[in-house]
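# Survey of secondary and tertiary structure
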Amino acid sequence: MKGPLIIIGGGEDKEGERTILREVAGRLNGGKLVIATVASHEPEGYFEAYQRAFSDLGVTDLVEIYVKDRSETLDPAKLCLFDGASGVFFSGGDQLRISSQIGDTLIEQRVRDLHMNGGVLAGTSAGASVMSETMLVKGTSGESYKIGDLHMAPGLGLVRNVIIDQHFAERGRFGRLFGAVAHNPRELGIGIDEDTALVLEDERFEVLGSGCVYVVDGAGVTHSNLAEAEPERALSIYDIRMHVLSSGDAFDLAKRRPTEVPDLKKRHAIEAQSVG
């Protein structure tokens, strides 16, 4: 049975309540955690920061895996780091480093095997973006989306049919997520604020942390100018739907709906009867 995915928008609290890291620790049940610092060009300090943050949360068996070049993924000593592990945590940096350095390697296979056998997979910032099948790698923040200003690439595909963006409200990334959904309307766009995470199990996720998770659904879009307009033109898109979820809220990816919300058709029928 697959383990949980804990997908973090970056900037998770490492010194105070540590709500998100506490959730990771609880899921490990005292087991070994592999900190994957592959996303960073300069990984020094990342591992030590997580060692300190996890030290009194019951996670004392931590190891770091870093890959400077793809050839290192064949190193038996690096593969052995996964032996007996209960989880893997991908730190921040550049998501293209993760996909290009470990994609379709024995290291990626060890990560997948651990997940398929119930292990915890967590990722923050770049480590969050790489979880999806298609990942955002570049695009302007803080302004309206221009049609030519978006770059996407294959991710690890640990969660299907979504595109994940992080540092979301803090960096004003609404425009580029709308653009990503305009390109791929069958996929849900998910934007995650800093110090905020979603915990995904069996097509359902719950939100925890201090910010929000934004779910952008393009299935009902009736028009966009994506295919006709010049690259420097701003995107226009009609009838796009967005849900804003905060801590404790949950979302069903299969139904594309928040959970525990009223059935709108049933509610309208009841209202019609009461009027009649």
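Nothing here was measured: the structure is a model prediction, and the numbers come from that model. (Residues numbered from 1 in each chain as written. Predicted model: local features only at pLDDT ≥ 70, side-chain atom pairs only at ≥ 80, totals over all residues. Heavy atoms only, no water.)

## Some remarks on the packing of aromatic side chains
- Scanning all chains against the criterion turns up 7 aromatic pairs.
- Here F168 and Y214 contribute two aromatic rings whose centre-to-centre distance is 5.2 Å and whose plane-to-plane angle is 40°, an arrangement assigned as tilted. Taken together, the residues F168 in the loop between strand 8 (162–166) and helix 7 (174–183) and Y214 in strand 12 (residues 212–217) connect sequence positions 46 residues apart.
- Assessed through its relative accessible area of 10%, Y214 is described here as buried.
- Centroid distance F205 to F251: 5.6 Å. Interplanar angle 20°. Geometry classified as stacked. With F205 in strand 11 (residues 204–209) and F251 in strand 16 (residues 250–252), this residue pair connects regions lying 46 residues apart in the sequence. (Phe/Tyr/Trp six-rings, centres within 6.5 Å; stacked < 30°, edge-to-face > 60°. Helix = DSSP H or I, 4+ residues; strand = E, 2+ residues; numbered from the N terminus. Buried < 20%, exposed > 50% of the residue type's maximum accessible area, 1.4 Å probe, protein only.)

## Some points on the sheet that holds strand 10 (residues 196–201)
- Across the sheet, which stays open at both edges, the 9 strands sit in the order 3-2-4-5-1-10-11-16-17 with mixed pairing between neighbours. A strand with exactly one partner marks an edge of an open sheet, and here the two such strands are strand 3 (62–65) and strand 17 (257–258).
- Sheet analysis places strand 4 (residues 85–90) next to strand 5 (residues 120–124), joined by 4 bridges and oriented parallel. Bridge assignment links G87 to a residue of strand 5, and that residue is V120. (Pairing = 2+ DSSP bridges.)

## What to know about helix 7
- The buried fraction of helix 7 amounts to 7 of the 10 residues, a majority that puts the element mostly inside the structure.
- Listed in full, the buried residues belonging to helix 7 are G175, R176, L177, G179, A180, V181 and A182.

## Description of the nonpolar core
- Ranked by size, the top nonpolar core spans 43 residues in total, and within it I7, V159, F205 and L253 carry the most contacts.
- For I7, the contacting residues outside a window of four places in its chain are G123, A128, M131, V159, I164, I192, T196, A197 and L198. (Core = buried A, V, L, I, M, F, W, Y, C linked by side-chain atoms within 4.5 Å. Contact = heavy atoms within 4.5 Å.)

## Structural notes on the environment of R176
- On the secondary structure map, R176 appears in helix 7.
- Each C-alpha atom of the pair R176 and G9 lies 16 Å from the other, and the pair is 167 residues apart in sequence.

## Quick look at the pairing of strand 3
- Where strand 2 (residues 32–36) meets strand 3, 4 bridges bridge the pair, whose relative direction is parallel. Paired with L33 across the bridge in strand 3 is L62.
- Viewed along the sheet, the connection from strand 2 through helix 2 (residues 46–54) into strand 3 turns out right-handed. (Right-handed = clockwise from strand over helix to strand, strands pointing away.)

## Digging into unusual backbone geometry
- For S125, which is not glycine, the phi torsion reads 55° and is therefore positive.
- Structurally, S125 is set in the loop between strand 5 and helix 6 (126–129).
- Residue classification places S125 among the buried positions, given a relative accessible area of 12%.
- One non-glycine residue, H167, lies in the positive phi region at around 50°.
- Here H167 shows up in the loop between strand 8 and helix 7.
- For H167, a relative accessible area of 8% corresponds to the buried category.

## Looking at helix 1 (residues 19–28)
- All of the buried residues along helix 1 are I20, L21, V24, A25 and L28. Looking straight down helix 1, one finds that the buried residues subtend no more than 140° of arc, so they occupy a single side.
- Immediately beyond the C-terminal end of helix 1, within one or two residues, lies N29, with a positive phi of roughly 55°. (Arc of directions from axis to C-beta.)

## Brief notes about the packing of helix 1 against helix 2
- Where helix 1 meets helix 2, the closest approach of the two axes is 10 Å, and the angle between their N-to-C directions is 80°. What the angle tells us is that helix 1 and helix 2 run roughly perpendicular. Contacts between helix 1 and helix 2 involve L21, V24 and A25 from the former and Y50, A53 and F54 from the latter.
- Residues belonging to the contact of helix 1 with helix 2 are distributed by class as follows: 6 nonpolar, no polar and no charged. (Axes fitted to C-alpha atoms, helices over the stretch in contact; angles between N-to-C directions. Parallel < 35°, antiparallel > 145°, perpendicular 65-115°, else oblique. Nonpolar A, V, L, I, M, F, W, Y, C, P; charged D, E, K, R; others polar.)

## Some points on the environment of V159
- Along the chain, the position of V159 falls in the loop between strand 7 (150–154) and strand 8.
- In this structure the C-alpha to C-alpha distance between V159 and T134, which are 25 residues apart in sequence, comes to 9.7 Å.
- Apart from the residues lying within four places of it in its own chain, the contact partners of V159 are L5, I7, M131, S132, E133, I164, L200 and L253.

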